[in-house]
Amino acid sequence: MAIERISVIGVPVDICTPDKLEDQILELLLKPGTKQIVFLSIWDLLKARKRKGDFAECIKSADLILPISKSILKGAKFLKKNVPYRYNPFSAVIQILSIMDSHYKSLYMLGSHQKTLQTAERNVHRTFPNLKIVGRYVGYYPKTIEADIVNSIFKAQPSLVLLGDGIKEKNCWSYRRRNSFSSSIFLYYKDIFGIFSERVNRISDKTFEKGQEVFAEIAHNPFKIFLLFPYMWYILVLVWYRLFKRQ
């Protein structure tokens, strides 16, 4: 059964509960070509709303768009639409890897620094013994070797390519190179290898459930307090859509 895709101020968002995630992943694995899963934050949503450029097209063409911000759910409810399930990115990655592991699939890891990536690989292998790791490469790499990385992924044809920090183009990395791969699901989550290597602390479940993860971001980078202004714009756009835009 197909999942429902709604639109929040013009940006697509999927309604996919955890009990349906395995079926969706297996369906994507059977689909030819490059596939992409996106963790959509409120800031990504506002950026994609510009409707121009690769990022907007990347979000629009993604195979599975999972919201990670409470504000997106509130926006959907305000617009009187079905409210999607909000995913904790780390928990979602664990569930996806568990699905891959139970079906004996393969993984390619791309991103971070060498020691972090090596430690992350060991911990992933220990946690998911049936998941075959078919390759890895560090992030922050020089442009001159990118062709080798793309070729390596193409030859390995992993079920999943997990991208982390050190990939400057983030979600757009796989989108811009989508014609260079014959298969694979691509998923970007900046902190994943840092968390797997225990070099980065993940947001606590309690903080995430309250929707207060932005305060941790501000504590890490005080300049993010200015995110208040785009959030206020989001509220205004929601009101405009509620009053004037036909749903």
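Whatever comes next refers back to the structure up there.
The structure reproduced in this document is the subject of the present report. (Residues numbered from 1 in each chain as written. Predicted model: local features only at pLDDT ≥ 70, side-chain atom pairs only at ≥ 80, totals over all residues. Heavy atoms only, no water.)

With respect to the state of the cysteines
Stated precisely, the cut-off is as follows: A pair of cysteine sulfur atoms is labelled a disulfide when the two atoms are within 2.5 Å. Classification of residues uses two cut-offs on accessible area relative to the type maximum, computed with a 1.4 Å probe and protein chains only: under 20% is buried, over 50% is exposed, and between them is partly exposed.
As enumerated under the stated definition, the model contains zero disulfides in all. Cysteine C16 is unpaired, with the sulfur of C58 as its nearest cysteine sulfur at 18 Å. In this structure C172 is not part of a disulfide, and its nearest cysteine sulfur, from C58, lies 4.5 Å away. Under the relative-accessibility criterion, C172 is labelled buried at 4%.

Considerations on the packing of helix α4 (residues 70-78) against helix α12 (residues 228-244)
Using the following cut-off: Geometry is summarised by axes, namely lines fitted to C-alpha atoms with helices restricted to the contacting stretch, and by angles between N-to-C directions that run from 0 to 180 degrees. Runs of H or I in DSSP of at least four residues are treated as helices and runs of E of at least two as strands, each being numbered from the N terminus. Angles below 35 degrees are treated as roughly parallel, those above 145 as roughly antiparallel, those between 65 and 115 as roughly perpendicular, and all remaining angles as oblique. Handedness of a helix crossing follows the sense of rotation of the near helix relative to the far helix, less than a right angle counterclockwise being left-handed and clockwise being right-handed. Contacts are assigned to residue pairs with any non-hydrogen atoms lying within 4.5 Å of each other. We call Asp, Glu, Lys and Arg charged. Ala, Val, Leu, Ile, Met, Phe, Trp, Tyr, Cys and Pro are nonpolar, and the rest, Gly among them, are polar.
Relative to each other, α4 and α12 sit at 20 degrees, their axes nearing to 10 Å. Between α4 and α12, the crossing angle belongs to the class labelled roughly parallel. The hand of the α4/α12 crossing is right-handed. Contact residues: S71, I72, G75 and F78 in α4; Y231, Y234, L238, V239 and R242 in α12. For the contact of α4 with α12, a count of residues per class yields six nonpolar, two polar and one charged.

Section: the packing of aromatic side chains
For clarity, the cut-off: Note on aromatic pairs: the rings of Phe, Tyr and Trp (six-membered ring only in Trp) are paired at centre separations within 6.5 Å, and the planes decide the class, stacked below 30 degrees, edge-to-face beyond 60, tilted for the rest. In this analysis the charged atom, NZ for Lys or CZ for Arg, is taken to sit over a ring once it is within 6 Å of the ring centre and within 35 degrees of the ring normal.
Overall, the coordinates contain nine aromatic pairs when judged by the stated rule. Aromatic pair W240 and Y241: ring centres 5.4 Å apart, planes at 75 degrees, arrangement edge-to-face. Judged by relative accessible area, W240 falls into the partly exposed class, the value being 41%. Through a chain of ring-to-ring contacts, the aromatic side chains of W173, F181 and F186 assemble into a single cluster. Taking the ring centre of F78 as reference, the NZ or CZ of R242 above it sits at 4.9 Å.

Examining the pattern of salt bridges
Here the idea is simple: oppositely charged side chains can pair when their charged atoms come close. Applicable threshold: In what follows, salt bridge is the name for a side-chain nitrogen of Lys or Arg lying within 4 Å of a carboxyl oxygen of Asp or Glu.
Here the structure, examined in full by the defined rule, presents nine salt bridges. With its nearest N and O atoms 2.6 Å apart, the salt bridge here joins D14 to R5. Here D14 falls in the buried class, since its relative accessible area comes to 1%. Assessed through its relative accessible area of 37%, R5 is described here as partly exposed. A salt bridge links E121 to R136; the nearest nitrogen and oxygen atoms lie 2.3 Å apart. Pair noted here: E121 is in helix α6 (residues 114-127) and R136 is in strand β6 (residues 132-137), with a separation of 15 residues, a long-range link. E121 gets classed as partly exposed once you look at its relative accessible area, which sits at 21%. Taken together, the shared-partner salt bridges connect D54, K143, E146, E169, R176 and R177 into one network.

As for the sheet that holds strand β8 (residues 185-188)
The condition is simple: By the convention used here, strands pair only if DSSP detects at least 2 bridges between them.
Here we have six strands laid out as an open sheet, ordered β4-β3-β8-β7-β5-β6, and parallel in their pairing. This sheet does not close on itself; its edge strands, each paired only once, are β4 (64-67) and β6. Strand-to-strand twist across the sheet, computed as the mean angle between neighbouring axes with direction ignored, equals 20 degrees. Summarising the sheet, strand β3 (residues 35-40) and β4 pair through four bridges and their orientation is parallel. Paired with V38 across the strands is I65, a residue of β4. Those strands touched by α6 are β5 (106-110) and β6, and its axis lies near 170 degrees from that of β6. Each of β5, β6, β7 (160-163) and β8 is contacted by helix α7 (residues 146-156), which is oriented at about 170 degrees to β5, the strand it contacts most.

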